[in-house]
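Report on the structure
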Amino acid sequence: MTDDRVSEGYAYFTRVLDRLRKHHEFFSRAIPLVASENVPSPAVREALASDFGNRYAEGYPGERLYAGCKWIDEVELIGVELAKKVFKAPFADLRPISGVVANLAAYTALAEPGDTMVALAIPHGGHISHGKRSWNGTAGRVRGLDIIRYEFDYERFNIDVDGTRRRIEKENARPKIFMLGASVFLFPHPVKEVASLASEYGAAVVYDAAHVAGLIAGGVFQDPIGEGVDVMTMSTHKTLAGPQHGLVVSKEKYAEQLKSVMFPPLHSNHHLHAVAGVAIALAEALAFYHEYSSAIVRNAKALASALSEEGLPPLYGELGYTESHQVLIDVSKFMGGRDAEVKLEEAGIVLNRNLIPKDYELKTDYKNPSGIRIGTQEVTRLGMGPSEMKEIARFISRVVVRGEDPRKVGQEVAEFRKDYNKVHYAFTNLTEAYKYVEIR
Ligand SMILES: *Cc1c(COP(=O)(O)O)cnc(C)c1O
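Residues numbered from 1 in each chain as written. Predicted model: local features only at pLDDT ≥ 70, side-chain atom pairs only at ≥ 80, totals over all residues. Heavy atoms only, no water.

**Comments concerning the sheet that holds strand S10 (residues 246-250)**
Applicable threshold: Here, any two strands with at least 2 DSSP bridges between them count as paired. Only DSSP runs of H or I covering at least 4 residues are called helices, and only runs of E covering at least 2 are called strands; the numbering of each starts at the N terminus. Structural elements are reduced to axes, namely lines fitted to C-alpha atoms, with helices fitted over the stretch in contact, and the angle between N-to-C directions of any two is expressed from 0 to 180 degrees. Residue contacts are defined here by distance: any two heavy atoms, one from each residue, within 4.5 Å place the two residues in contact.
Read across the open sheet, the 7 strands follow the order S2-S10-S9-S8-S7-S3-S4; overall the sheet is mixed. Each end of this open sheet is capped by a strand with a single partner; those strands are strand S2 (91-93) and strand S4 (146-149). Within this sheet the neighbouring strands show an average axis-to-axis angle of 20°, counted without direction. By the bridge criterion, 4 bridges tie strand S7 (residues 175-180) to strand S8 (residues 204-208) in an arrangement that is parallel. Its bridge partner being in S8, Phe-178 is matched across the sheet by Val-205. With respect to the sheet, helix H7 (residues 191-201) is in contact with S7 and S8, its orientation differing from that of S7 by roughly 170°.

Structure below.
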């Protein structure tokens, strides 16, 4: 009986470990282009495997309700100091365990259920955590906020501030929060203009930097706090190549409100191994991200031009395609976005299908949109530059434009990837980027 249980348990155990290893093998042969992901440094992975992940430390560092936090406190305070420095903010809190929870903290600190928030609609690039109740969005469904959408200018792929002002007046609304930031995010948002509109209502401006935190840390894209944002939330694992976690920085004025919602309402433990990983990622950001984030944007522009030359022109070429890590492409002349995603994955090129502006008029099903979204942050971290972007553009067009057999292209993709297995923009990289580390 016991033996049976042991062998049954062991069979499950080995199945899980086998799949973990296969995932690592898959990524070490693939071109990773999902815009919301990254590969952290070996030092961050070391932090994730540490004993910090087995401990509790409720409260802000120095005000804990648990014993045994001596070193944990020091690490979290180092992380706080780094976050303030890197994001040029007077206050930082490393406790949100994800970007969504960081947003929930901002909503809870700055508004009450029934209050109004102005946010980008999801088809305009807004994130589901900014969404209204009828969309099952976090802001509406969990915090009970009413959401008014920004007026959107498709030609500039950006917020139309004057149109938004008219919409708010027409709806006779009294917004409490103006949310900025997006998941499809090509060009900087008009922070100053929105902050000036918000001040007419005594509303707070929140900037969700989940996608662009690494670019901001490197001093490219924009400087939200400097331009007038009150609270900036983020994920720590997209262009900022840390562990999966969240982070909030703000003006001093909001420090106590944010601290009081982080604990006890929103967290008990706050994933201390990830906090250590965030601190390491921020130290790397301070040292290397000016170079790294400039290279990410340069690569995004280079990839976009190369795709154009390969017969797959990305959107907004007239605006230089992008100022961020993202490139947005209409593939509908050749296939649906879903088919493109599936075929490219067969070729070892991993990216997402995405709604593009024309889908809003066509009312395309979001499950099979007309476009794909690409991010250059992870391939840049692997040390690739503009000449590698040309090769990637060619691989993509062979599958999407020329309809070549994805498995055949995949073999060449795996060959191409062999030269790029180390993490760059880090203090040390002795372990390969996707190496499966066994400590059993
Ligand atoms: C990814 C993303 C989030 C969610 O972050 P998680 O860390 O996955 O919770 C929030 N906002 C925006 C704009 C995002 O793109």
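Back to the write-up after that little detour.
**Remarks on the domain arrangement of the protein**
How we decide: The split into domains, and so the bounds of each, comes from an automatic or database assignment of domains. Salt bridges are identified by distance alone: a Lys or Arg side-chain nitrogen within 4 Å of an Asp or Glu carboxyl oxygen. The term polar contact refers here to a pair of N or O atoms within 3.5 Å; inside protein, the definition further demands a hydrogen-donor-capable atom paired with an acceptor-capable atom, and it admits residues adjacent in sequence only when both atoms are side-chain atoms. Polarity classes work like this: nonpolar for Ala, Val, Leu, Ile, Met, Phe, Trp, Tyr, Cys and Pro, charged for Asp, Glu, Lys and Arg, and polar for all others, with Gly in that last group.
Annotation of the protein at the domain level lists domain 1 (33-40 + 289-417) and domain 2 (45-283). If you average the C-alpha positions of domain 1 and of domain 2, the two centres end up 27 Å apart. Summed over the shared surface of domain 1 and domain 2, the number is 0 salt bridges. Applying the counting rule to domain 1 against domain 2 returns 15 residue pairs in polar contact (both at pLDDT 80 or more). For the side of domain 1 that touches domain 2, the secondary structure elements donating two or more residues are helix H11 (272-309), strand S11 (326-330), helix H13 (357-362) and helix H14 (377-381). Considering only residue class, the side of domain 1 that touches domain 2 consists of 15 nonpolar, 11 polar and 6 charged.

**Some words on the pattern of salt bridges**
The condition that has to hold: Burial classes follow relative accessibility: with a 1.4 Å probe on protein chains only, a residue under 20% of its type's maximum area counts as buried, one over 50% as exposed, and anything between as partly exposed.
For the structure shown, the criterion picks out 28 salt bridges. Salt-bridge contacts for Arg-381 lead to Glu-284; the nearest nitrogen and oxygen are separated by 3.4 Å. Within this pair, whereas Arg-381 is found in helix H14, its partner Glu-284 is found in helix H11, the two being separated by 97 residues in sequence. Among the ionic pairs, Glu-415 bridges to Lys-418, the shortest N-O distance being 3.2 Å. Residue classification places Lys-418 among the exposed positions, given a relative accessible area of 55%.

**What to know about the site of the ligand**
The following threshold applies: Nearness of a residue to a molecule or strand requires only that one of the residue's heavy atoms be within 4 Å of it. To measure how exposed things are, a 1.4 Å probe is used in the Shrake-Rupley method; for residues, cover is taken only from the protein chains shown.
Around the ligand sit 13 residues, and of these Gly-99, Ser-183, Asp-208, Ser-235 and Lys-238 come closest. Separating an oxygen atom of the ligand from a backbone N or O atom of Val-100 is a distance of 2.9 Å. Starting from 390 Å² of accessible surface for the ligand in isolation, the protein chains cover 85%. Per-class residue counts for the shell around the ligand are 3 nonpolar, 8 polar and 2 charged.

**Quick look at the sheet that holds strand S14 (residues 371-375)**
Where strands meet in a sheet, backbone hydrogen bonds hold them as pairs that are either parallel or antiparallel. Taken together, the 3 strands give an open sheet; going across it, the order is S11-S14-S13, and neighbouring strands pair in antiparallel fashion. The open sheet terminates on both sides in strands that have one partner only, identified here as S11 and strand S13 (352-354). Across the sheet, the axes of successive neighbouring strands diverge by a mean angle of 35°, strand direction being ignored. By the bridge criterion, 3 bridges tie S13 to S14 in an arrangement that is antiparallel. Looking at the pairing, Asn-354 lines up with Gly-371 of S14.

**Considerations on the packing of helix H15 (residues 386-400) against helix H16 (residues 406-417)**
This is how the line gets drawn: Under this scheme an angle from 65 to 115 degrees is roughly perpendicular, one under 35 degrees roughly parallel, and one over 145 degrees roughly antiparallel; angles in between are oblique. Handedness of a crossing follows from how the near helix is turned relative to the far one, being left-handed for an anticlockwise turn of less than a right angle and right-handed for a clockwise one.
Look at H15 against H16: their axes get within 10 Å of each other, and the N-to-C directions meet at 165°. Relative to H16, H15 is oriented roughly antiparallel. The handedness of the crossing between H15 and H16 is left-handed. Where H15 approaches H16, its residues Glu-388, Glu-391, Ile-392, Phe-395, Arg-398 and Val-399 are matched on the opposing element by Lys-408, Val-409, Glu-412, Val-413 and Phe-416.

**Some points on the side chain of Ser-235**
Residue placement: Ser-235 occurs in strand S9 (residues 231-235). Among the residues examined, Ser-235 registers a relative accessible area of 5% and is labelled buried. If we skip the residues at most four places from it in the chain, Ser-235 touches Gly-99, Ala-210, Ala-213, His-245 and Gly-246.

**Some points on the nonpolar core**
Stated precisely, the cut-off is as follows: Put simply, a nonpolar core is a bunch of buried Ala, Val, Leu, Ile, Met, Phe, Trp, Tyr and Cys residues held in one set by side-chain atoms that sit within 4.5 Å of each other.
In terms of nonpolar packing, the biggest core is built from 90 residues, with Phe-87, Leu-110, Met-117, Phe-178, Tyr-207, Met-232 and Val-249 touching the most fellow members. Taken domain by domain, the makeup of this core includes at least three residues from each of domain 1 (33-40 + 289-417) and domain 2 (45-283). The contact partners of Phe-87, leaving out residues within four places of it in the chain, are Ala-213, Ile-216, Ala-217, Ile-225, Met-232, Met-234, Leu-240, Leu-247, Val-249 and Leu-282. In this structure, Leu-382, Met-384, Val-413 and Tyr-420 belong to the second largest nonpolar core, which totals 41 residues.

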